[in-house]
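Overview (structure and organization)
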Amino acid sequence: MIQANDKDALRVVMRGYQANGETTAFVPTLGNLHDGHLSLVRKAQDVADRVVVSIFINPTQFDRAEDLAAYPRTMEADLSLLKKENVDLVFLPQAEEMYPKGNATRVEVDGISEILEGDSRPGHFSGVATIVAKLFNLVRPDISIFGEKDYQQLMLIRRMQQDLDFGIEIISAPTAREPSGLAMSSRNNYLDEAQRNEIAPGLYAELCKIRDSIQSGERDYPALQAQSAENLNRKGFRTDYIEVRNANDLSLAQSNDQELVILVSAWLGKARLIDNLTVTL
Ligand code: PAF
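In this report, we go over the structure that sits alongside the text. (Residues numbered from 1 in each chain as written. Predicted model: local features only at pLDDT ≥ 70, side-chain atom pairs only at ≥ 80, totals over all residues. Heavy atoms only, no water.)

1. Overview of the overall build of the chain
- The number of helices and strands found in the chain is 10 helices and nine strands.
- Over its C-alpha trace the chain gives a radius of gyration of 19 Å, about what one expects of a compact globule, namely 19 Å for 281 residues.
- With the principal axes as the frame, the chain shows a C-alpha extent of 55 × 40 × 40 Å.
- When contacts within the chain are restricted to residue pairs at least 6 apart in sequence, long-range pairs at least 24 apart make up 70% of them. (Helix = DSSP H or I, 4+ residues; strand = E, 2+ residues; numbered from the N terminus. Rg over C-alpha atoms; globule rule 2.2 N^0.38 Å. Contact = heavy atoms within 4.5 Å.)

2. Here we look at unusual backbone geometry
- Phi is positive for Arg 140, close to 50°, though the residue is something other than glycine.
- Positioned with a positive phi, Leu 250 is a non-glycine residue whose angle comes to about 60°.
- Looking at where Leu 250 falls in the secondary structure, it is placed in the loop between β7 (238-246) and β8 (259-268).
- For Leu 250, a relative accessible area of 1% puts it in the buried group. (Buried < 20%, exposed > 50% of the residue type's maximum accessible area, 1.4 Å probe, protein only.)

3. Section: the sheet that holds strand β3 (residues 50-55)
- Strand order in this open sheet of six strands is β1-β4-β3-β2-β5-β6, and the pairing throughout is parallel. What marks the edges here is a single partner per strand, and that holds for β1 (2-4) and β6 (169-173). Strand-to-strand twist across the sheet, computed as the mean angle between neighbouring axes with direction ignored, equals 25°.
- Where strand β5 (residues 143-147) lies against β6, five bridges are found, and the strand directions are parallel. Within the sheet, the bridge partner assigned to Gly 147 lies in β6 and is Ala 173.
- This element, helix α2 (residues 35-47), spans β2 (24-29), β3, β5 and β6 of the sheet and lies at about 150° to β5.
- Taken strand by strand, helix α3 (residues 75-84) contacts β1, β3 and β4 (89-91), and its axis lies near 170° from that of β3. (Pairing = 2+ DSSP bridges. Axes fitted to C-alpha atoms, helices over the stretch in contact; angles between N-to-C directions.)

What follows is the structure, encoded as structure tokens:
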């Protein structure tokens, strides 16, 4: 596994792959890797000759709801996991190289950045869009893989790729879950054992409950949402939102929509957990 610690080193290796006619799939990460990330890496291996992973704790996407200083830094363990997965190239840039003094350009994806996660975490999606655009320009992969767990982020990246013509195919990978149903996430590390095993799985259970009600014909989405928020709060969560939306554009779900997504964000102790479930009628 090759480690590129700066942009020049990355470009040299990428040029080599391109000169050999090899296709590349790129998985951007914030590090603190778990099985969810590894499932993205495996998907990347299925679709391209070479797999490139970046580990960069991007300061511009953190807000008060998620503390940059508290984000776990586990570089040694991350590198050893990626090596075991036979990743070809890891890009490990420093913040000063990605955001040099005087940098002033940000990528804004209107509309989708302002609702749900964007409403709860102002500036978050501008930080995500900016770093992903920069990484796309540096790595220039054929394909990039994103997890469906961050549903809104995935939609934002697809929108940005279409609008800015990166010419990169965006592929999504299903949410990896623990046997309890809890979606895998770096944020689960902020939970204590009882929260993780006993309460946190209730988030996915609530999504399944809403899905089942919808599949049984319920169409009063505001009532379903209100009831679910109450259920979650009773179990020990502090619900930020739980909403049924149109799966294609995240507009408020209408009773005749056929493709829906239920999105939830809730605090449990120090962790702000997110999850989602799609429903096709
Ligand atoms: O989903 C993430 O881990 C991050 O938002 C990403 C896409 C790596 C950008 O920093």
